[in-house]
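# Report on the structure
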Amino acid sequence: MAGQDKLPHLPIPPLEDTMKRYLRALQGLQSESEHEKTKAVVDEFLKKEGPELHKKLVDYASTRASYIEEWWTESYLNYSESVVLSLNPFFILEDDPTPSRGNQLTRACSLILASLGFVHDLRTGELEPDSFRGVPLDMSQYHKLFGCARLPSRSGCKIQVDSESSHIVVLRRGQFYWFDVLDSKHRPCLTERALLSNLTAIIADADKTPPNQVAQSALGVLSTERRGIWAGHRANMMKEPSNAMCLDVLDKALFVVCLDDAKPETASEMCANMLCGTYKLDKGVQLQIIVAANGAAGINFEHSAVDGHTVLRYVADVYTELILRFAKSINSGSATLFKAQTSPWATGAGKKAPGAKNGGVQEEPEEIDTAPKKLEWAITSDLKAAIRFAETRLGDLICQNEAVALEFDSYGKNVITQFGFSPDAFVQMAYQATYFSLYGRIESTYEPAMTKAFLHGRTEAIRSVTPESVEFLKVFSSDAPAREKIAALKKACQAHTELTKACIKGLGQDRILYAMYCLSQQKNNGNGGSDSDSDDSEKSHSEGLPALFQDPGYATLGHSTLSTSNCGNPALRLFGFGAVVPDGLGIGYIIKDDAMAFAVSSKHLQTQRFLDTLRAYFLEVHRMLKDLHREANRKPNLTFIDHHIGEVDARTGKPLKNAGNGYDDWEGYGFYGVDANTLDSQRKPAGGRGKVAPGTRIQTVEL
């Protein structure tokens, strides 16, 4: 946590600047008439409520670490629907660096022990602070990563953190098991052999449960219900003392390890399994390590208290530790990443003398119960029915959504930067071009920018649709030459890069306007605007808000049809999350050196077709870039045109292999359909009068 107290606070820029950014973000999403109406609303806001709200926000921020933290967390915790697909992103890890440790049990052991090393260094203050290009980053989220649970209530949820949590929960076939893993000094208290023995015993015990009884006792599905329903079930369960103790064990677990009996084979199957699965996920717990029967592993985490960058650091450190342990197996002198030492009282460590020394100080022996224990629930007939109904609704949710992966290996960051583009901006423009080619519309696109360079910073919204990106789409979908299309792409990418830099500095519009919206809501609530559930009261409450927040433009910007997030690291194979709106796409992506990985989810909006079109776009733009590069670097007089065979090498007299339009392998189809030049070349004069016959000649067949 070094440097935490030196971090600056999130800035609150002048109101006029914020509103300029707001209008620019909406310019490409509205018609001219719609935009003029929004401009008038903004002018009114600047003259009326805006300055007062802005001043209140400045005063509010002066007494807090972050002006947005409390409201942003509440926006997650007040979400009343099921959190499945909505608030739980996932990471899929690359294979274990030690080939012989790829099976389910040994991989689970490796991930658990490495995670415990991370927990130890975090709690003892030995974890290296985050930084980005030499700038220190906020570390406050890490303490909400372990021993953390989202507890439901009728009026919303709350986050509970147990900073002394020392046990983990293992979930297998709907059955919950737990055992202690840390001693009082946060050191691992099991050897790998002892941990492997525990997991083996758990699988053996859980697999005794007949398949037809698994769903009946799978209480984890209750946490996938709407939050109010889950709160009611939980309250009823707490009335039984044994159930209350079991829930306390779950709530205070460091993390949950899910030992799946599923064997996802394809990348898309892995994405679906890690995103929502079936009965395996306990959605009340912050962090879950999922290991499939075939060794495929991933992380599923609750998004309310932590952002992707925080979990990514944890995953990257864990994977680095596994690599270093592999190196240690080759060279015993190799160092490991974490400072954690196995507890002198660890199970499986052999006999330890009482009063073992730690840094010269005598330690008192500890009695640590590391034996696995199964949580036994008192399941009433009502609870059985609730589990059945929850499983049915969860099944409906899973059937209504799909997750599809694309692992694009033709090129990646190296090629993109070679042609002078920002990799992230290049990919963002690809999403817009792909969506426009399929639907002919431009929709609000969201990408988070990390603001952890500020105290308690989280994210700012990058609204990727800009006037420059709209112009790029117009040019790219026209008959303009490749040079103009690439020039428009470069201009759009430059605009996106500048926008990203501003958002990282906290100079966006979404978070500030949302904070003002919350302030105006508080003002209305103080006047009794939300005390009643009547329609008249709701109407009065709405009318009390500034016109800016009732203008269609505000809803348009916030409706993120394309919700995207870049979370790259060599430790990850794939990363994804659910779509945030019913008619949208959730796009998690990783830009690697020589490849790109995409996990896209939607409510069956032809997700596979979107990825196929995205792939076609990447190939076509790359071909344009290569053609323009060759043209710019071609030496003069090395080719000439033969009217029978096309472009010919002047030195050999042979036709060039890539002569023609360069799209032969697409069989006449470019990214936006049939190439116009191809159609023109297929039209032949009709008869002997040189007239052009309508249509295109097709090959005749002899009978």
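Structure shown above.
What counts and what doesn't
Residues numbered from 1 in each chain as written. Predicted model: local features only at pLDDT ≥ 70, side-chain atom pairs only at ≥ 80, totals over all residues. Heavy atoms only, no water. Buried < 20%, exposed > 50% of the residue type's maximum accessible area, 1.4 Å probe, protein only. Helix = DSSP H or I, 4+ residues; strand = E, 2+ residues; numbered from the N terminus. Pairing = 2+ DSSP bridges. Axes fitted to C-alpha atoms, helices over the stretch in contact; angles between N-to-C directions. Contact = heavy atoms within 4.5 Å. Parallel < 35°, antiparallel > 145°, perpendicular 65-115°, else oblique. Nonpolar A, V, L, I, M, F, W, Y, C, P; charged D, E, K, R; others polar.

### Focus on the pairing of strand 20 (residues 596-602)
Extensive coverage of strand 20 is indicated by the burial of 7 of its 7 residues. Both faces of strand 20 are covered, namely the face carrying Met596, Phe598, Val600 and Ser602 and the face carrying Ala597, Ala599 and Ser601. Bridge analysis of strand 14 (residues 402-408) against strand 20 gives 7 bridges, and the strand direction is antiparallel. The residue of strand 20 that forms the bridge with Ala405 is Ala599.

### Brief notes about the pairing of strand 4 (residues 148-153)
Regular strands show a simple pattern: their side chains alternate between the two faces of the sheet. When you tally the buried positions in strand 4, you get 5 out of 6 residues, the bulk of the element. Of the strand pairs in this sheet, strand 4 and strand 5 (residues 156-161) are connected by 6 bridges, and their pairing is antiparallel. Along strand 5, the bridge assignment pairs Ala149 with Gln160. Linking two consecutive strands that pair antiparallel, namely strand 4 and strand 5, is a turn of 2 residues.

### Things to note about the sheet that holds strand 14
Strand order in the open sheet formed by 6 strands is 14-20-19-17-15-16, and the pairing between neighbours is mixed. Looking along the sheet, the strands with just one partner apiece sit at the ends: strand 14 and strand 16 (459-463). Between one strand and the next, the sheet's axes are offset by a mean angle of 25°, whatever the strand orientation. Together, strand 15 (445-450) and strand 16 form the strand contacts of helix 16 (residues 482-504), whose direction differs from that of strand 16 by roughly 160°. The sheet contacts of helix 21 (residues 607-633) involve strand 14, strand 19 (585-591) and strand 20, and relative to strand 14 the element is tilted by about 20°.

### Considerations on the packing of helix 2 (residues 32-47) against helix 3 (residues 49-61)
Here helix 2 crosses helix 3 at 60°, and the two axes come no closer than 3 Å. One element, helix 2, and the other, helix 3, form an angle in the oblique class. Contacts from Glu44, Phe45, Leu46 and Lys47 of helix 2 reach helix 3 at Glu49, Gly50, Pro51 and Leu53. Looking at the contact of helix 2 with helix 3 residue by residue, the class counts come to 4 nonpolar, 1 polar and 3 charged.

### Some remarks on the sheet that holds strand 10 (residues 297-301)
Across the sheet, 8 strands lie side by side as 13-7-6-8-9-10-1-18; this open sheet has mixed pairing. Every other strand in the sheet has two partners, leaving strand 13 (373-374) and strand 18 (572-576) as the edge strands with one partner each. Inspection of the sheet shows strand 1 (residues 90-93) paired to strand 18 by 4 bridges, in the antiparallel sense. Residue Phe91 lies in a different strand from strand 18, and its bridge partner there is Phe575. In this fold helix 6 (residues 192-206) packs onto strand 6 (167-172), strand 7 (175-180), strand 8 (256-259) and strand 13, with an angle of close to 160° to the strand it touches most, strand 7.

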